[in-house]
Amino acid sequence: MRNTQVGRRLFLSSLGAAAMLGAQAQNAQRKLLSFNVEVIADETVPTGRYKHPAAITELTDGDLLLAWYGGDGEYAPNTGVYGVRLTRGTSRWSAPTLLARDPFRSVGNPAIWQAPDGLVWLFYVIRFGETWSEGRIAAKVSEDGGKTWSDTSLLTLERGTLVRGQPIVMSDGRYFLPVYREAGEDREFVGEDTVSFGLLYNPTSREWKRGGNIVSRLGNLQPAPAEIAPGHLIAFCRRGGGYDDRPDAWMVYAESRDYGLTWTKGRELTDIFPNPNAAVDLLPLRNGHLLLIYNHSKGRRNPLSLALSTDKGKTWKVGLDVGGGRGEYAYPYAIQTRDEGIHLIYTSNGRKQINRMVFREDDIADHFPAEVTLR
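Residues numbered from 1 in each chain as written. Predicted model: local features only at pLDDT ≥ 70, side-chain atom pairs only at ≥ 80, totals over all residues. Heavy atoms only, no water.

*Asks:* When you look at the overall build of the chain in this model, what are you seeing that I'm missing?
*Replies:* A count of helices and strands for the chain gives 3 helices and 27 strands. Against the 2.2 N^0.38 benchmark of 21 Å for 375 residues, the chain shows a C-alpha radius of gyration of 19 Å, consistent with a compact globule. Relative to all contacts within the chain whose residues are 6 or more apart in sequence, the contacts with residues 24 or more apart total 54%. Only carbon and sulfur atoms are counted for the fraction: they give 49% of the accessible area of the chain, which is about 15300 Å². Across the chain, the mean location of the 45 positive side-chain charges is 2 Å away from that of the 43 negative side-chain charges. (Helix = DSSP H or I, 4+ residues; strand = E, 2+ residues; numbered from the N terminus. Rg over C-alpha atoms; globule rule 2.2 N^0.38 Å. Contact = heavy atoms within 4.5 Å. Areas by Shrake-Rupley, 256 points an atom, 1.4 Å probe, with all protein chains shown as cover. Lys, Arg positive; Asp, Glu negative; His and termini not counted. Charge placed at Lys NZ, Arg CZ, Asp CG, Glu CD.)

Next comes the structure, spelled out in structure tokens:
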């Protein structure tokens, strides 16, 4: 498989030469804006050296809950999902507690979220085989703000189904949980049949329904959605393929006009948003603006970049980085709290450290050096 991919990269290098010109123009206008970075967990925190990826939510009482999965490594058999709490008005996170573990299989990729009815959801992955293409999505719920948790319920039976991001509440009251189905047996290559989709939950009937697939040339995963009008969803997705620096490495974009039941074919955002086969996040702000967080690179999870839209995703202010240098900024995940603070978390240091930076939209709005049109 690796020899096939090398041949494909050589072929695509000539096709991508013209496309790189637009990206180079945007790169020339990039600006770095620095914020204070808090280290929430590092190698000294006793949940295993591996800490990746992390998720965060704000509770109704103002506390913050953060979850990650830890252990000896990504595929280690001793992994578990851990959680910490930052009590409102304090500055010290609690000691980590074990939220979920499977006695026979590895777990991964938590997403933690409090629904409008106060129920706290913990979604995570149980891996039934040697690769993530053998994953299934599991869930636990808490009725007391994350202090105690229910037993585990297996949410999906479909092979290769995984979760990464938090749900959104749609205008019809249903929840849209962004998920994906990963294909391929190579741990270093995401198969072309990988697709993103949503699981739709009706909190009245307590029933889940599978949405339609987002299909694209290289495959796509880890969708980051937003609803921009009733039933009209947009989603930015991580590209599939390998982790190499390739000229056609672009983020994937799709739209739905029926609450995620069907989607347009995934569009590669050529000359706009590159993607190094890394997670992205899309945060709908309280004022209707959209904040996209990603790595503006084709082969590295660096820099940590922002894009801002004030017109429901038609145009985007671009060119602003909030992390650079030689480090890595993996799996960005953001929320906006009730005080309008934007809490952006990510992992670094070889997936051994979880970090947080906090800023407001006003802190970044006037610092974007360029603008692009998306639709």
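*Asks:* Is there a simple way to think about the side chain of Thr 337 in this case?
*Replies:* Tracing the sequence through the fold places Thr 337 in the loop between β24 (330-336) and β25 (342-348). A polar contact of 2.5 Å, which involves the side chain of Thr 337, links it to the side chain of Asp 339. Within the structure, Thr 337 has its side chain in polar contact with the side chain of His 343 (distance 3.3 Å). Not counting chain neighbours up to four residues away, the residues in contact with Thr 337 comprise Glu 58, Leu 64, Arg 286 and His 343. (Polar contact = N/O pair within 3.5 Å; in protein donor to acceptor, adjacent residues only side chain to side chain.)

*Asks:* Sorry if this is basic, but what is going on with the pairing of strand β7 (residues 106-114) here?
*Replies:* Here is the key point about a regular strand: its side chains alternate between the two faces of the sheet. Most of β7 sits inside the fold, with 9 of its 9 residues counted as buried. Two elements, β7 and strand β8 (residues 120-127), share 7 bridges in a ladder whose sense is antiparallel. Directly across from Trp 113, in β8, lies its bridge partner Trp 121. Here β7 folds back onto β8, and the loop between the two strands holds 5 residues, one of which, Gly 118, carries a positive phi near 95°. (Buried < 20%, exposed > 50% of the residue type's maximum accessible area, 1.4 Å probe, protein only. Pairing = 2+ DSSP bridges.)

*Asks:* When you look at the sheet that holds strand β16 (residues 220-229) in this model, what are you seeing that I'm missing?
*Replies:* Think of a sheet as strands paired side by side through backbone hydrogen bonds, with each pair either parallel or antiparallel. The antiparallel open sheet is built from 4 strands, whose spatial order is β16-β17-β18-β19. Each end of this open sheet is capped by a strand with a single partner; those strands are β16 and β19 (267-268). Pairing geometry for β16 and strand β17 (residues 232-239), over 7 bridges, is antiparallel. Looking at the pairing, Leu 221 lines up with Arg 238 of β17.

*Asks:* I tried to follow the sheet that holds strand β6 (residues 97-100) on my own but got confused; where do I start?
*Replies:* Reading across the sheet, the 4 strands line up as β3-β4-β5-β6 and stay open at both edges, with antiparallel pairing between neighbours. Only two strands of the sheet have a single neighbouring strand rather than two, namely β3 (50-58) and β6. Each strand axis lies, on average, 35° off the axis of its neighbour in the sheet, ignoring direction. As judged from the 7 bridges shared by β3 and strand β4 (residues 64-71), these two strands associate in the antiparallel manner. (Axes fitted to C-alpha atoms, helices over the stretch in contact; angles between N-to-C directions.)

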